[in-house]
Amino acid sequence: MPRKPSRTVRALTTLLGALGGVLALTAATLTSPVYSGTGWKALTTEGIYSLSPDPYEIVFADTTARTRLAKYFLLPAAQVTRSVGVPITVTTTLDLTPLGTCPPRHRIVVHYLHQPLGQPGMSQARPCYATGNGSAWGGHILMDSEYWTIPTWFGPDPAVNEARRKDASTHELGHILGLDHPNTDIDRDGTVEAGECVAKDWLKPVMCSPNRGLPWPTVEETTGPVAYNFTEPGKFSKDFDLPGLRQLLANYVLRQG
C-alpha cells in the first residue's frame, strides 16, 4: 500500500540505557541489526529500520475520530509500553496536520474516514521515518469507518466484528511503528497469498495481511478452540509481533554502534 512521504529530520540521540532490563538479547543479536524473523518483518521499504526508545503519542484528527477510535488503541499502546519498553500514550489531543505532511516527531494521528483509499474496507497507515537513522517517526492512521457504520462488515457475529475492528486498529499501528506484513509462501506454490502466515496455537501475527489473516480456521467441537482469537483481539502476538518490535528497538542502538 502507498505510504506517506518522509521528512528530513536530525539524527536522534542514542539512548543505550533505554534497553536495560527490557530485552533479553542473545550475543548474536547484539552484534548487528536484524530486519526479519519468524512471523515478523521490518518496514524497510518505507525507510524504517528501527524503533526509537523515546515516547510516542497517539492523537486524533477530529473529535469523531477521538470518540470512535481512542479505545481501540489503548490495549496495543499499553502492550508496547509494557512488553517492548517504548512508551506510547493515547491522548485526547486533536492534531490538524494534513495527510500530505508528517506530524511532529513521534506523533501518530488517527483519522476516521469513509473509504480513505477509495475502496470498500481498506484502511491505511502512512508512516514517516527519521532520515538520519531510519527509525519510526510517527505518521497517520486512516481507519475505514465502514467497520463501525456497517455492524456486520466482517460477518454476522457481533463478537467477530469487534475482534476484527481491534485487530485492524492494532495492525495499522504496527505499520507506523515499523512492522511490515510477514506473509510468506508457506505452501510453496510460488505465490504469497492473503492470510498466508505462520501461526502458533491457531494464532497468526496481527501484522499478517489482512489483519491477522482470513479466514479464521473452521472450529471443530472436540479439537478446535471455540473462538481462538477472542482472548487476543487488538494485541500484538507474543510469539511474532512483539519479538519483531523488540528487535526494532534493539536495532536503534545497533545501527548507531
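All of these numbers come straight from a predicted model, not from anything done at the bench.

(A) Quick peek at the packing of aromatic side chains. This model, assessed by the stated rule, comprises five aromatic pairs. Centre to centre, the rings of Tyr35 and Tyr49 are 5.3 Å apart; their planes meet at 80°, and the pair counts as edge-to-face. Separated by 14 residues along the polypeptide, Tyr35 in the loop between helix H1 (27-31) and strand S1 (36-37) and Tyr49 in the loop between strand S2 (40-41) and strand S3 (56-60) bring together distant segments of the chain. By relative accessible area, Tyr35 is classed as partly exposed at 28%. Consider the rings of Tyr147 and Trp148, whose centres lie 5.7 Å apart with planes at 40°: the pair is tilted. The same class applies to Tyr147 as to Trp148, namely buried. Ring pairs connect the aromatic residues Tyr72, Tyr112, Tyr147, Trp148 and Phe154, which therefore count as one cluster.

(B) The arrangement of the nonpolar core in detail. Ranked by size, the top nonpolar core spans 39 residues in total, and within it Leu51, Ile58 and Leu245 carry the most contacts. Of the residues forming this core, the biggest block, seven residues, is contributed by helix H2 (residues 63-83). Not counting residues up to four positions away in its chain, the partners in contact with Leu245 are Leu51, Val80, Val84, Leu177, Leu179 and Phe236.

(C) Broad picture of the confidence of the model for the protein. For the protein, per-residue confidence averages 86 on the pLDDT scale, and 81% of positions sit at 70 or higher. Below a pLDDT of 50 lies the segment residues 1-29, which in the model reaches 73 contacts outside its immediate sequence neighbourhood of four places, other chains included.

(D) Quick look at the sheet that holds strand S6 (residues 124-130). If you walk across this open sheet you meet the five strands as S4-S3-S5-S7-S6, and the pairing is mixed. A strand with exactly one partner marks an edge of an open sheet, and here the two such strands are strand S4 (88-94) and S6. Taken pair by pair, the neighbouring strands of this sheet meet at an average axis angle of 20°, ignoring direction. Alignment of S3 against strand S5 (residues 107-113), held across four bridges, turns out to be parallel. Counted as the bridge partner of Glu57 is Arg107 from S5. On top of the sheet, H2 reaches S3, S4, S5 and strand S7 (135-144); it is set at about 165° to S4, its chief contact. Packing of helix H4 (residues 158-176) onto the sheet brings it into contact with S3, S5, S6 and S7, and relative to S7 it is tilted by some 150°.

(E) Structural view of the state of the cysteines. Under the defined criterion, the tally for this structure stands at two disulfides. Covalently, Cys102 is tied to Cys128 through a disulfide, its sulfur atoms 2.0 Å apart. Note on the Cys102 and Cys128 pair: the S-S dihedral is about -100°, so by sign convention the disulfide is left-handed. Of this pair, Cys102 sits in the loop between S4 and S5 while Cys128 sits in strand S6; the two residues are 26 residues apart in sequence, bridging distant segments of the chain. Relative accessible area serves as the criterion here: at 0%, Cys128 is assigned to the buried category. Here Cys197 engages in a disulfide with Cys208; their sulfurs sit 2.1 Å apart.

(F) Region of the structure containing the side chain of Asp95. Looking at the element boundaries, Asp95 is found in the loop between S4 and S5. Engagement of the side chain of Asp95 in a polar contact is seen with the side chain of Arg107, the distance being 2.8 Å. Setting aside residues up to four positions removed in sequence, Asp95 forms contacts with Val59, Phe60, Ala61, Pro104, Arg107 and Val109.

Each value, and the rule that gives it
Residues numbered from 1 in each chain as written. Predicted model: local features only at pLDDT ≥ 70, side-chain atom pairs only at ≥ 80, totals over all residues. Heavy atoms only, no water. Phe/Tyr/Trp six-rings, centres within 6.5 Å; stacked < 30°, edge-to-face > 60°. Helix = DSSP H or I, 4+ residues; strand = E, 2+ residues; numbered from the N terminus. Buried < 20%, exposed > 50% of the residue type's maximum accessible area, 1.4 Å probe, protein only. Core = buried A, V, L, I, M, F, W, Y, C linked by side-chain atoms within 4.5 Å. Contact = heavy atoms within 4.5 Å. pLDDT = per-residue confidence, 0-100. Pairing = 2+ DSSP bridges. Axes fitted to C-alpha atoms, helices over the stretch in contact; angles between N-to-C directions. Disulfide = S-S within 2.5 Å. Polar contact = N/O pair within 3.5 Å; in protein donor to acceptor, adjacent residues only side chain to side chain.

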